[in-house]
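Survey of secondary and tertiary structure
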Amino acid sequence: MADEKFDSIVVGAGPAGVSAALTMAQAGLNVALLERGEYAGAKNVQGAVLYSKMLEDVVPEFWKDAPLERAIVEERLWVLTEDSGIQVGYKSAKYNSVPANCYTIIRVEFDKWFAKKAEAAGVTLITGVTVDDVLKKDGDIIGVKTTEGDRLLADVVIACDGANSIISQKAGLHREWKPEEVALGVKEVLFLPREKIEDRFNLEGDQGSTTEMLGDITQGMLGYAFLYTNKESLALGVGCAVDDFQRTRIKPYELLEEIKRHPMIRRLIAGSKTLEYSAHLIPEGGYNSMPPLYTGGMLLAGDAAQMINPTHREGSNLAMASGKLAAETVIEAKKRNNYSARSLGLYRKKLEESFVLKDMDDHKDIEEKVRQNRDIMTIYPKLACESAHEYFIVDGLPKRDHQRRIIRRIRRQRGIFQMIKDFMSLRHAIG
Amino acid sequence: MAEEPKPMSLEDKLGLLTYKNDHQTHIKLLDANVCLKCPDKPCATGCPAGVYVWDEPQKKIVVSYENCIECGAARMLCPYNNIEWQPPRGGFGVSYKYG
């Protein structure tokens, strides 16, 4: 395949790359989609929650044949200490829609299906190919080079090669991440018969639930754990900032084992069998550490462009939306026959007009604020659980004494003004 | 009372995975002397696949690149930017079945 020329080369067959390739092929462009795994999905890891809207924009009526696990009807948030927990959740019959708001998926199965859709639209999918450099001419990107030395040319390269985007670094668009800009997630897929899942999680048929867990469960590290229901398996994982793993010297796989033993989780996974263990980077640095999104002849989408909204557990939907917008930018650039940085700058404008950059902008300071005030990760869960304990305990003391104890504890551990300050600074986390 | 789940070792976890091993490494330590002076060796604890192990008699970090599950965290875990991590060559490395 020496010096073959395409309208566009997309690097990485994940949600961003397939969305981009598929959209361009549908518009009649000649597209190559390069994937370093032996098959699409081989290197990809996610929780995984799939949001319908952004996929529907790329594959209408996807739910008719996509490999979906469970339609999410309940979202739960648990705030945990070592031995206690406060549970908040939202469950609604309104979620029983088709398509549902979101579904759990097995990422590898989903990625294979998604890549097939792109191939059916005319995309040339080439698997088992690692791109390790870009080709430049007069400062603009004109193609890519593979580890085997093959050169492929294109009017535009779209980098969708994920959190470890080597080519955006080679293109000079991105420096290396800093440890505080990325989270490391580890996960296990645990086999459990579907009746047990439905009983333990109070689900019917193909309904599913998600559970996010904050507090002591991450042992003071910035991050959270999650437990998602698939048809016949559970996904249990935890993601924490890389600088926290560096600082605490906690081993990620041992952290996961401790989470399995937590009294709130142990019963839910009892008798399950681990099918797979995996790890992945999550580029959580937010808006302020995003690389430039384009240069002459090249666009960045998805994790490669750090499009993650960690406070809302979103990423693959931002990837799909940005992949589609990147494709639309290329389609318009082709009409003008102009692939300069100036022409491709339209991409940024499209992202600014969409939810992608609006959400990224709104949540830009959260991690930094939590980091400056790191103890809130453990103080609040502890305070909340202790207060709940006082509230519910019946031990012969008058209720007014218990209430006083709660107030006193809050004053001693945080102070009312400090609490107001904390909530003000973090209001975007829930907004 | 729920049965106490047996802790699962890292070896057991990695044993579930399918790899296609390359004869050449995709991970390089740029300067072995840097590791000698590194007090905490966060690569040895933070790597989710235990790829980096401090060998006390040899006084060096031994890299089992064939166990790598390709998260890429090592590059950021090393406080001295001493780990050069590239994705394995096309088709090599771990292949997830669930992901």
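Calculation notes
Residues numbered from 1 in each chain as written. Chains lettered and ligands numbered in written order. Predicted model: local features only at pLDDT ≥ 70, side-chain atom pairs only at ≥ 80, totals over all residues. Heavy atoms only, no water. Helix = DSSP H or I, 4+ residues; strand = E, 2+ residues; numbered from the N terminus. Buried < 20%, exposed > 50% of the residue type's maximum accessible area, 1.4 Å probe, protein only. Contact = heavy atoms within 4.5 Å. Areas by Shrake-Rupley, 256 points an atom, 1.4 Å probe, with all protein chains shown as cover. Lys, Arg positive; Asp, Glu negative; His and termini not counted. Charge placed at Lys NZ, Arg CZ, Asp CG, Glu CD. Salt bridge = Lys/Arg side-chain N within 4 Å of Asp/Glu carboxyl O. Phe/Tyr/Trp six-rings, centres within 6.5 Å; stacked < 30°, edge-to-face > 60°. Lys NZ or Arg CZ within 6 Å of the ring centre and 35° of its normal. Buried area = accessible area lost by both parts, 1.4 Å probe. Polar contact = N/O pair within 3.5 Å; in protein donor to acceptor, adjacent residues only side chain to side chain. Pairing = 2+ DSSP bridges. Domains from an automatic or database assignment. Nonpolar A, V, L, I, M, F, W, Y, C, P; charged D, E, K, R; others polar.

1. Points about the overall build of chain B
Secondary structure summary: chain B contains four helices and six strands in total. For chain B, the succession of helices and strands along the chain, N to C, is α-β-β-α-α-β-β-α-β-β. The C-alpha extent of chain B, read off along each of the three principal axes, is 50 × 40 × 25 Å. Expressed as a percentage of its 99 residues, the buried residues of chain B come to 49%. Across chain B, contacts joining residues at least 24 apart in sequence account for 65% of those joining residues at least 6 apart. As displayed, chain B offers around 4,900 Å² of accessible surface, 53% of which is attributable to carbon and sulfur atoms. Put simply, chain B has 11 plus and 12 minus side-chain charges, and the middle of one group is 6 Å from the middle of the other.

2. Focus: the pattern of salt bridges
Residue and element names in this part refer to chain A. Per the counting criterion, the structure on display carries 38 salt bridges over all chains. With a closest N to O distance of 3.1 Å, lysine 145 and aspartate 132 form a salt bridge. With lysine 145 in strand S9 (residues 140-146) and aspartate 132 in strand S8 (residues 131-137), the pair connects residues that are 13 residues apart, well separated along the chain. When the shortest N-O distance is used, the salt bridge between glutamate 386 and lysine 382 registers 3.4 Å. Here lysine 382 and glutamate 386 lie together in helix H14 (residues 376-392), a separation of four residues that amounts to about one turn. For lysine 382, a relative accessible area of 38% corresponds to the partly exposed category. Through salt bridges with shared partners, a single network forms among Lys382, Glu386, Glu390, Arg405 and Arg409.

3. A look at the packing of aromatic side chains
Each aromatic ring pair is characterised by the separation of its centres together with the angle its planes make. Residues and elements named next belong to chain A. Throughout the structure, instances matching the rule amount to eight aromatic pairs over all chains. Measuring from ring centre to ring centre gives 4.8 Å for phenylalanine 226 and tyrosine 228, while their planes differ by 25°; the resulting arrangement is stacked. The exposure class of phenylalanine 226 is buried, given its relative accessible area of 12%. Given the relative accessible area of 3%, tyrosine 228 is considered buried. An angle of 90° between the planes, with centres 5.1 Å apart, marks the rings of tyrosine 391 and phenylalanine 392 as edge-to-face. Note on accessibility: tyrosine 391 and phenylalanine 392 belong to one class, exposed. Ring pairs connect the aromatic residues Phe62, Trp63 and Tyr103, which therefore count as one cluster. The ring of tyrosine 39 carries the charged tip of lysine 112 above its face, separated from the ring centre by 4.5 Å.

4. Observations regarding the interface of chain A and chain B
With 52 residues of chain A at the contact, the number on the chain B side is 48 residues. Summed over both partners, the interface of chain A with chain B buries about 4,200 Å², with 56% contributed by carbon and sulfur atoms. A per-residue breakdown of the area chain A buries against chain B is headed by A:Arg249, A:Glu276 and A:Tyr277, which together make up 15% of the total. Taken together, the connections running from chain A to chain B amount to seven salt bridges. We note a salt bridge from A:Glu257 to B:Lys13, for which the minimum N-O separation is 2.4 Å. Connecting chain A to chain B are 26 residue pairs in polar contact (both at pLDDT 80 or more). Among the secondary structure elements, those contributing two or more residues to the side of chain A that touches chain B are helix H3 (107-120), helix H4 (166-170), strand S11 (182-191), helix H6 (242-248), helix H7 (252-261), helix H8 (266-269) and strand S15 (273-283) of chain A. Top element by residues in the side of chain A that touches chain B is S15(A). It accounts for eight residues.

5. Digging into the side chain of A:Ser92
Residues and elements named next belong to chain A. Its location among the elements puts serine 92 in the loop between strand S5 (85-91) and strand S6 (102-104). For serine 92, a relative accessible area of 11% corresponds to the buried category. Reaching out from serine 92, the side chain makes a polar contact with the backbone nitrogen of lysine 94 at a distance of 2.9 Å.

6. Focus: the pairing of strand S13 (residues 223-229) of chain A
Residues and elements named next belong to chain A. A large share of S13 lies buried, amounting to six of its seven residues. When strand S12 (residues 207-215) meets S13, the two strands line up antiparallel, connected through four bridges. By the bridge assignment for S13, glutamate 212 is matched with phenylalanine 226. The sheet contact formed by S13 and strand S14 (residues 233-241) spans seven bridges and is antiparallel. Bridge pairing links leucine 227 to leucine 236 in S14. Remark: three residues form the turn of the hairpin made by S13 and S14, two consecutive strands paired antiparallel.

7. Observations concerning the domain arrangement of chain A
Residues and elements named next belong to chain A. Here chain A is described as being made up of domain 1 (4-67 + 105-177 + 286-353), domain 2 (180-283) and domain 3 (367-430). A C-alpha centroid distance of 28 Å is found between domain 1 and domain 2. Interface of domain 1 and domain 2: buried area, both sides summed, is about 1,400 Å²; carbon and sulfur atoms make up 58% of it. If you sort the residues of domain 1 by the area they bury against domain 2, Val45, Gly47 and Arg313 come out on top, with a joint share of 37%. Applying the counting rule to domain 1 against domain 2 returns two salt bridges. The tally of links between domain 1 and domain 2 comes to five residue pairs in polar contact (both at pLDDT 80 or more). Considered class by class, the residues forming the side of domain 1 that touches domain 2 number nine nonpolar, five polar and four charged.

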